[in-house]
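Chain residues, written in single-letter form:
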Protein chains: 2
Amino acid sequence: MKRAFDELKPYLDQAMALNTALVLFEWDNETLAPEEAGGLTGRVIGLLSGQYFQAVNNEQVVALAKQCEAEGNLTEAEAAQVKELEKELEKLSHIPRKEYEEFARLTAESTRVWAKAKETNDFSCFAPVLKKVLEYQKKFAGYRAKAGEKLMDVMLKDYEPGFTTELLDQFFDVIRREIVPLFHEVRDSKVQIPDEFLTGDFSDETQEKIGRFVAEYTGFDFRKGVMAVSAHPFTTNLHNKDVRITTHYTNRLDSSLFSIIHETGHAIYEFGIRDDLTQTMVGQGASMAMHESQSRFFENIIGRSRSFWEPIYPKLQEAFSENLGKVSLEEFVKAVNKAQAGLIRTEADELTYSLHILVRYELEKELIEGNLQVEDLPGAWADKYEEYLGIRPETVAEGVLQDIHWSQGSFGYFPSYALGNAFGAQLYYHMKKEMDIDGLLAAGKLSVIRDYLREHVHQYGKLKDSRQILKDATGEDFDPGYYVKYLKEKYKALYQLS
Amino acid sequence: MKRAFDELKPYLDQAMALNTALVLFEWDNETLAPEEAGGLTGRVIGLLSGQYFQAVNNEQVVALAKQCEAEGNLTEAEAAQVKELEKELEKLSHIPRKEYEEFARLTAESTRVWAKAKETNDFSCFAPVLKKVLEYQKKFAGYRAKAGEKLMDVMLKDYEPGFTTELLDQFFDVIRREIVPLFHEVRDSKVQIPDEFLTGDFSDETQEKIGRFVAEYTGFDFRKGVMAVSAHPFTTNLHNKDVRITTHYTNRLDSSLFSIIHETGHAIYEFGIRDDLTQTMVGQGASMAMHESQSRFFENIIGRSRSFWEPIYPKLQEAFSENLGKVSLEEFVKAVNKAQAGLIRTEADELTYSLHILVRYELEKELIEGNLQVEDLPGAWADKYEEYLGIRPETVAEGVLQDIHWSQGSFGYFPSYALGNAFGAQLYYHMKKEMDIDGLLAAGKLSVIRDYLREHVHQYGKLKDSRQILKDATGEDFDPGYYVKYLKEKYKALYQLS
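None of these values were measured; they are calculated from a predicted model.

> Would you mind showing me how to read the overall build of chain A here?
Summing up its helical and strand segments, chain A has 22 helices and three strands in all. Relative to the globule expectation of 23 Å for 498 residues, the C-alpha radius of gyration of chain A, 22 Å, shows essentially globular dimensions. With respect to the three principal axes, the spread of C-alpha positions in chain A is 70 × 50 × 45 Å. Counting across all 498 residues of chain A, residues that qualify as buried make up 61%. Counted over contacts in chain A with a minimum sequence separation of 6, partners at least 24 positions apart contribute 74%. Separation of charge centres in chain A, based on 59 positive and 81 negative side chains, amounts to 2 Å.

> Would you take a moment to explain the sheet that holds strand β1 (residues 225-229) of chain A for this structure?
Two strands in a sheet stick together by hydrogen bonds in their backbones, pointing the same way (parallel) or opposite ways (antiparallel). Residues and elements named next belong to chain A. With mixed pairing, the three strands of this open sheet are ordered in space as β1-β3-β2. The strands lining the two open edges of the sheet, one partner per strand, are β1 and β2 (235-239). The sheet shows a mean angle of 20° between the axes of neighbouring strands, direction not considered. Looking at chain direction, β1 and strand β3 (residues 242-247) are connected through five bridges and run parallel. Paired with valine 229 across the strands is threonine 247, a residue of β3. Helix-sheet contacts for helix α10 (residues 253-272) involve β1, β2 and β3, and the interaxial angle to β3 is about 165°.

> Can you help me understand unusual backbone geometry in this one?
Peptide bonds are, in most cases, trans, and in most cases residues other than glycine have a negative phi. Here Asn121(A), not a glycine, exhibits a phi torsion of approximately 55°, which is positive. With a relative accessible area of 34%, Asn121(A) lands in the partly exposed category.

> Please clarify how the interface of chain B and chain A should be interpreted in this entry.
Bring the parts together and some accessible area is lost; that lost area is often taken as the interface size. Each side of the interface is counted separately: chain B has 39 residues, and chain A has 39 residues. Between chain B and chain A lies a buried interface of about 3,300 Å² when both sides are counted; carbon and sulfur atoms form 61% of it. Three residues, Glu36(B), Leu40(B) and Arg223(B), lead the burial of chain B against chain A; their summed loss comes to 17% of the area buried on that side. On the surface where chain B and chain A come into contact, there are six salt bridges. The closest approach of N and O atoms between Arg244(A) and Asp28(B), which form a salt bridge, is 2.5 Å. Where chain B meets chain A, there are 16 residue pairs in polar contact (both at pLDDT 80 or more). Of all the elements in the fold, those that place two or more residues in the side of chain B that touches chain A are α1 (4-31), α2 (38-56), β1 (225-229), β2 (235-239) and β3 (242-247) of chain B. Counting residues per element, the side of chain B that touches chain A draws most heavily on α1(B), at twelve residues.

> What is the right way to read the relation of the copies chain B and chain A from this model?
Note on the identical chains: chain B maps onto chain A by a rotation of 180° and an axial translation of 0.0 Å, with an RMSD of 0.0 Å. Here the two chains are linked by the operation of a two-fold rotation axis. Ranked by how close their C-alpha atoms come to the rotation axis, the residues of chain B are headed by Ala21(B), at 3.1 Å. Of all interface residues in chain B, 100% are interface residues in chain A too; the two copies therefore contact each other through one and the same surface.

> It is not clear to me how the packing of aromatic side chains should be interpreted in this structure. Could you clarify?
When we look at a pair of aromatic rings, we describe it by the centre distance and by the angle of the planes. All chains considered together, the criterion is met by 69 aromatic pairs over all chains. Relative to Phe423(A), the ring of Phe163(A) lies with its centre 6.1 Å away and its plane at 55°, an arrangement referred to as tilted. Pair noted here: Phe163(A) is in the loop between α7 (151-159) and α8 (165-188) and Phe423(A) is in helix α18 (residues 414-434), with a separation of 260 residues, a long-range link. As far as the burial class goes, Phe163(A) and Phe423(A) line up, both buried. Taking the centre distance of 5.2 Å and the plane angle of 85° together, the rings of Trp309(B) and Phe332(B) count as edge-to-face. Remark: Phe332(B) occurs in helix α15 (residues 329-335) and Trp309(B) occurs in helix α12 (residues 306-309); sequence separation between them is 23 residues. The structure contains a cluster of three or more aromatic residues connected by ring pairs, namely Tyr159(A), Tyr353(A), Trp381(A), Tyr385(A), Trp406(A), Phe411(A), Tyr413(A), Phe414(A) and Tyr417(A). The residue whose ring lies beneath Lys464(A) is Tyr460(A), and the NZ or CZ to ring-centre distance is 4.0 Å. The ring of Phe213(B) carries Lys315(B) above its face, with NZ or CZ at 4.6 Å from the centroid.

> Whenever I open this one, helix α3 (residues 59-71) of chain A confuses me. Can you help?
Residue pairs spaced three or four apart in an α-helix point in one direction, given the helix's 3.6 residues per turn. All names here are of chain A. Here α3 spans 18 Å end to end across 13 residues, near enough to the 18 Å set by a 1.5 Å rise per residue. Those residues of α3 that sit buried are Val61, Leu64, Ala65 and Cys68. Take α3 and look down its axis: the buried residues cluster within an arc of 105°, on one side only. Of the residues in α3, the exposed ones pointing more than 90 degrees away from the buried face are Glu59, Lys66 and Ala70. Packed against the buried residues of α3 are α1 (4-31), α2 (38-56) and α4 (76-92). Two or three places before glutamine 60, at the opening of α3, asparagine 58 has a side-chain oxygen 3.1 Å from that residue's backbone nitrogen.

Cut-off values and rules
- Residues numbered from 1 in each chain as written.
- Chains lettered and ligands numbered in written order.
- Predicted model: local features only at pLDDT ≥ 70, side-chain atom pairs only at ≥ 80, totals over all residues.
- Heavy atoms only, no water.
- Helix = DSSP H or I, 4+ residues; strand = E, 2+ residues; numbered from the N terminus.
- Rg over C-alpha atoms; globule rule 2.2 N^0.38 Å.
- Buried < 20%, exposed > 50% of the residue type's maximum accessible area, 1.4 Å probe, protein only.
- Contact = heavy atoms within 4.5 Å.
- Lys, Arg positive; Asp, Glu negative; His and termini not counted.
- Charge placed at Lys NZ, Arg CZ, Asp CG, Glu CD.
- Pairing = 2+ DSSP bridges.
- Axes fitted to C-alpha atoms, helices over the stretch in contact; angles between N-to-C directions.
- Buried area = accessible area lost by both parts, 1.4 Å probe.
- Salt bridge = Lys/Arg side-chain N within 4 Å of Asp/Glu carboxyl O.
- Polar contact = N/O pair within 3.5 Å; in protein donor to acceptor, adjacent residues only side chain to side chain.
- Least-squares fit on C-alpha atoms with pLDDT ≥ 70 in both.
- Phe/Tyr/Trp six-rings, centres within 6.5 Å; stacked < 30°, edge-to-face > 60°.
- Lys NZ or Arg CZ within 6 Å of the ring centre and 35° of its normal.
- Expected span 1.5 Å × (residues − 1).
- Arc of directions from axis to C-beta.

What follows is the structure, given as structure tokens:
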């Protein structure tokens, strides 16, 4: 007799194929598609999203999913797929297909409007579109909310199951209580770290060439991946044999360099998903925060360490000889770890990074709760930056328009970045007990580190949730104390604080 | 009451969306996708093709198409869509969905195997895949063939409706009778045309920069289009606001230049399709030969004329100053029109071009009729080149592996190239009666020429077939005599023949 899962499989495959097509359209949209294609391509994306909706959310699928559970003859991977499907059904079954399609079409357009608005430094052309995106997301969350459930909690579920607004409020309290004073100490310290040599007139070609080298050195496999340019760096994947990262080139040599290491961290996660899980509903990273834990682990804990650069710094000096020719490894490493208030999240140092997230988290909450209007965002944004970081953006391009996320409808996504830092620190202190990380880096043996993470984190995809992965890997439940410990150790040493 | 067409429309839209996704995957596959992605992405392509198959070929669609005809209340564009749908149904309804999906998966893979085989100059790794592709196409044609109908005729229908093997045999007889002797006269002429200055060590960057300029000058609209690099230049489009061309860079400066003008001709056609037709089943060029007529019109009749280069030759000289600095416009134009036997079709001059097609047409026929085995192709190919062009390829890369088409399953496609030349010549002699083409080119007014073609050819998409377009535009039925006349006039003058 055929199992219910075997009957379900073709539906899941159809959904996977449609989803992969949507991923490719998104990639193309961000990296290549011509300016005027948006409207008509948006129609295609809307229709494909509708088909995805239909492939997942139909009577047969709902019945087969129930039957799968009743039969109870599933492998671990199959059971996880059914569970993931039910999560997706919970989401989709509450949203009318027409609205779902409209929303897909809208976000294809809104990301383009955002890019244009950022380019022209004009919030007013973006505001009406963002307003629509927000209204859709609130409406969708409203459809799904259980009695008394906060809209923000519904949204958070899609990115980090198990982390509610209540828990996040506590987490960000720790950041406010521990990291803000630490940042003030650093700011007031007398230690001056020169970093003017990081700025210059670098050609895209030079940056790309060394960027590709560093990506490959960190673990990006170009036989299974592509690197391109987009307004905002991101990683996406069609499956575990096609993982794609982007970067952008500026007049700071560390900007594209560390964004590439960051996206490579994401990519290493996706390359590491087991072959039997890729192209299934559990064939992605466990959660957004777990993904960020990997990207930020590689970018910061690994990528900003002295040992990482030890074997390859001469190569970097050669690429940027005019700027780095006379800069020692020590000076370079100090410079790329310099903590200072800045306006751009993706270029923030490790210490101030979570303060950028704090701003976004608080604004998101207010937008969703209706206490803040979209029109008032630029001002509210500037006020929060002044409050937490002591500086105020002079343009919307370096203010509220810097991130793509809200244009995509990703409200509730930003907290994952801060959580990711905390996950990464917890993993790091555990790994240090098992291996000599600095020794490995100095010897250029990054593969040992990648293999460890692959074994304990990457391979599972969504078979386990982020909290379980942390528990199994470190023997402990999530503990943000490691993150605080890590920042204190690092920045007290760097700034010679007691 | 709702018309049957309004009920049919959502099915057509779904099919369009799936088809657009397949186009994007094909583009990505040829231009960007990483080496190892093929297998898993092939699975996605197979599944999407199956969904396309299902969207078009199902009971409701078949019934609605019939009902549309019975109701008889269709606009011209709607009627054309229903007609096109029925053509598609004729094709699909004979092919089992499973085989259709397998074939889609196979060709995604086979184009990669072809690229690899060409790169490594190894026919043996490609032969088994090509054999499978050919067998599928023969099987599919067999399913569709009416009693006594030739398999080749079934295949031709998909590219150039109305042109049977019988007609093509006659057409190629004209070429054999008229063009082969003309080529011999040219070859034996004492006129020597120097062209060594076209060869050099040109950087991709230089070629790309001037290539983009020439594309734009010819009429490529970068707000609605993209230019990239692939093994074999091609044009594709998602719709009339997203048209994409590729080129490749070699040590001949005219190679990428004229391939770009060629693909721009295709692109101008797709840009010119009416807005109410794009994203429908008739929103593409009328036929393959009509498409080629436009690409080859721009590449050869326009692009290789003295008047075309008159305003922009200084710019070209500047880009390639080392090679062209001391070459006069006259010498350059003569060089890019030089006729000589060569091995590569896409780099062939206008005179020998049809002989390259003659080789392929004859080989295709033999393959399909079973008189030639795939394993024997390299030898048979070389023999035909020796027979018609007097030269023999020394490697398979410059022989049978030079074209992508067969790897895609496009048997019966090549004749369109020769037909396209003939369509273009017929249009040209008619246009000359209406406008001073050389005067317009010398004044840089290409838009007048584009506008004429848009009005008489491009805008209609598939509303009319190629023969009807020719009739309406020129007042005459298809007449290959114009093609012979054009080549004779041009080459007798160039080689000072009587």
